[in-house]
Amino acid sequence: MDIKTLSEILVILIISFRIYTLEKFKIQSAADKLFALYYLKNHYPILGYSIIFYILEIILIELLMLQRVDIALIFIFMVELFLIYRHIFIALKTDDRDDYIDTVIKRMFKTLTYDEYIQIKGELYKKIPKWKLYMTEIMVFFFAIWSIELA
């Protein structure tokens, strides 16, 4: 087995492990996915951090095994870090999804009317097809495999 194949297998395992772990939470909406990541970080820190920073792990695999820097994955990682992960690392300890989502909404928007709050909360709780919920993971998979194949 060559190093490229081994790298591809590790990438597939990391992404599959993330999707499998998140699926255990029966994710159906964006709020479910955010809360699952928050819950993992607070209750199972080692598992949570490995699930949250899966893109960084893939970047490190490519860097260490293939001596290759994948700019596309670094860009995706930075966008994820800015848009999603800042909502996971908040100073709140709760096991209630509604309390967590309320806190996230209030942090995102400083001034909200009650109607706007209800509308945003409704959008976060709206059921989304699985392929949309895991679109980031699918993109990371394709970019990582593409980059490995080009090495």
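Source: prediction; values computed, not measured.

## Topic: the packing of aromatic side chains
Next up, step 1: Tallied over the entire structure, the rule returns 13 aromatic pairs.
Next up, step 2: Judged by centre distance (4.3 Å) and plane angle (25°), the ring pair of tyrosine 38 and tyrosine 100 falls under stacked. Of the two residues, tyrosine 38 is situated in helix α2 (residues 30-43) and tyrosine 100 in helix α6 (residues 97-108); the sequence distance between them amounts to 62 residues. Of the two residues examined, tyrosine 38 and tyrosine 100, each falls in the buried class.
Next up, step 3: Aromatic pair phenylalanine 143 and tryptophan 146: ring centres 6.3 Å apart, planes at 55°, arrangement tilted. Placement of the pair is phenylalanine 143 and tryptophan 146 together in helix α9 (residues 135-150), with a separation of three residues, close to one helical turn.
Next up, step 4: Residue classification places phenylalanine 143 among the partly exposed residues on the basis of a relative accessible area of 30%.
Next up, step 5: The exposure class of tryptophan 146 is exposed, given its relative accessible area of 52%.

## Topic: a negative patch on the surface
Next up, step 1: Together, Asp95, Asp96, Asp98 and Asp99 line one region of the surface with negative charge.
Next up, step 2: With respect to the helices, strands and loops of the structure, aspartate 96 is situated in the loop between α5 (71-83) and α6.

## Quick notes on the pattern of salt bridges
Next up, step 1: Counted according to the given criterion, the structure contains six salt bridges.
Next up, step 2: Taking the shortest distance from any N to any O, the salt bridge between arginine 18 and glutamate 137 comes out at 2.5 Å. One end of the pair, arginine 18, is in helix α1 (residues 3-23); the other, glutamate 137, is in helix α9, and 119 residues separate them in sequence. In this structure, arginine 18 and glutamate 137 share a single accessibility class: buried.
Next up, step 3: Lysine 33 is paired through a salt bridge with glutamate 137; the nearest N and O atoms lie 3.2 Å apart. You can see lysine 33 sitting in helix α2 and its partner glutamate 137 sitting in helix α9, a full 104 residues away along the chain. The two residues lysine 33 and glutamate 137 agree in class, both being buried.

## Looking at α1
Next up, step 1: With 21 residues, α1 should cover 30 Å at 1.5 Å per step; its first-to-last C-alpha distance of 30 Å lies within 8% of that length.
Next up, step 2: Every buried residue of α1 is accounted for by Ser7, Glu8, Val11, Ile14, Ile15, Arg18, Thr21 and Leu22.

## A short note on the nonpolar core
For soluble globular proteins, nonpolar side chains are generally found buried alongside one another.
Next up, step 1: By size, the foremost hydrophobic cluster in this structure holds 39 residues, and its most contacted members are Tyr54, Ile58, Tyr100 and Val140.
Next up, step 2: Going through the elements one at a time, α1, α2, α3 (45-52), α4 (54-66), α5, α6, α7 (114-125) and α9 are the ones with two or more residues in this core.
Next up, step 3: The biggest single contributor to this core is α2, with seven residues.
Next up, step 4: Residue contacts for tyrosine 100: discarding those within four places in its chain leaves Leu34, Phe35, Tyr38, His87, Ile88, Ile90, Leu92 and Thr94.

The rules behind each value
- Residues numbered from 1 in each chain as written.
- Predicted model: local features only at pLDDT ≥ 70, side-chain atom pairs only at ≥ 80, totals over all residues.
- Heavy atoms only, no water.
- Phe/Tyr/Trp six-rings, centres within 6.5 Å; stacked < 30°, edge-to-face > 60°.
- Helix = DSSP H or I, 4+ residues; strand = E, 2+ residues; numbered from the N terminus.
- Buried < 20%, exposed > 50% of the residue type's maximum accessible area, 1.4 Å probe, protein only.
- Patch = residues over 30% accessible without salt bridge, like charges linked within 9 Å, V, L, I, M, F, W, Y side chains within 5 Å.
- Areas by Shrake-Rupley, 256 points an atom, 1.4 Å probe, with all protein chains shown as cover.
- Salt bridge = Lys/Arg side-chain N within 4 Å of Asp/Glu carboxyl O.
- Lys, Arg positive; Asp, Glu negative; His and termini not counted.
- Charge placed at Lys NZ, Arg CZ, Asp CG, Glu CD.
- Expected span 1.5 Å × (residues − 1).
- Core = buried A, V, L, I, M, F, W, Y, C linked by side-chain atoms within 4.5 Å.
- Contact = heavy atoms within 4.5 Å.

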